[in-house]
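If you want the building blocks of each chain, they are given just below.
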Amino acid sequence: MPVGRRPGAYMCGTDAAMDIIDGKWKVSILWALGEGTRRFGVLRRQLPGVTEKVLAAQLRELEADGIVHREEYDEVPPRVEYSLTGIGIQLNEALAPLGVWGEKHVLGGERAPR
């Protein structure tokens, strides 16, 4: 099932993909969930600086886009877990080369060619 929010408004596939991951914390959320299923509190601790309100909103958007799966358990106290869907895993795989580029050119100290 395709994901997206603005059918027909994209210039290219990259534009469409960037719309899905637009948001300060979404790529970090994808990275954290790429390591495995996480509860909200664990995600919050893994992403220092994110507020609960923003984390909840970005998780809702990723869920609406079909990238994140939210599993709610009927327990007391309530338990909710987040994980990547199949297309969320594919998106993380597509972002992997970008991470390698960032490690090499930004974290590694090399400057990108101009």
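Note that the coordinates shown come from a computational prediction; the quantities given were computed from them, not determined experimentally. (Residues numbered from 1 in each chain as written. Predicted model: local features only at pLDDT ≥ 70, side-chain atom pairs only at ≥ 80, totals over all residues. Heavy atoms only, no water.)

Caption draft 1: Looking closely at the overall build of the protein chain. When helices and strands are counted, the protein chain shows five helices and three strands. Ordering the α and β elements of the protein chain from the N terminus gives α-α-β-α-α-β-β-α. Taking contacts inside the protein chain between residues at least 6 apart in sequence as the whole, the part at least 24 apart equals 43%. Summed over all atoms, the accessible surface of the protein chain reaches about 7,800 Å², with 57% contributed by carbon and sulfur. (Helix = DSSP H or I, 4+ residues; strand = E, 2+ residues; numbered from the N terminus. Contact = heavy atoms within 4.5 Å. Areas by Shrake-Rupley, 256 points an atom, 1.4 Å probe, with all protein chains shown as cover.)

Caption draft 2: Geometry of the sheet that holds strand 1 (residues 38-39). Read from one edge to the other, the open sheet built from three strands follows the order 1-3-2, with strand pairing classed as antiparallel. Each having just a single partner strand, strand 1 and strand 2 (68-73) make up the two edges of the open sheet. The sheet contact formed by strand 2 and strand 3 (residues 79-84) spans six bridges and is antiparallel. Across the sheet, the residue bridging to V68 is L84, located in strand 3. The strands touched by helix 2 (residues 26-34) are strand 1, strand 2 and strand 3; relative to strand 3, the strand with the most contacts, the crossing angle is about 95 degrees. (Pairing = 2+ DSSP bridges. Axes fitted to C-alpha atoms, helices over the stretch in contact; angles between N-to-C directions.)

Caption draft 3: Focus on the packing of aromatic side chains. One pass over the structure, following the stated rule, counts zero aromatic pairs. Between the NZ or CZ atom of R79 and the centre of the ring of Y73, over which it lies, the distance is 3.8 Å. (Phe/Tyr/Trp six-rings, centres within 6.5 Å; stacked < 30°, edge-to-face > 60°. Lys NZ or Arg CZ within 6 Å of the ring centre and 35° of its normal.)

Caption draft 4: How the structure looks around the pattern of salt bridges. Inspection of the entire model under this criterion finds five salt bridges. Residues E81 and R79 are paired through a salt bridge, measuring 2.9 Å at the closest nitrogen-oxygen approach. For E81, a relative accessible area of 18% puts it in the buried group. Residues joined by salt bridges that share partners form a network here, namely E75, R79 and E81. (Salt bridge = Lys/Arg side-chain N within 4 Å of Asp/Glu carboxyl O. Buried < 20%, exposed > 50% of the residue type's maximum accessible area, 1.4 Å probe, protein only.)

Caption draft 5: Summary view of the side chain of S83. With respect to the helices and strands, S83 occurs in strand 3. In this view, S83 contacts L33, T37, I67, V68 and H69; residues no more than four positions away in its chain are not counted.

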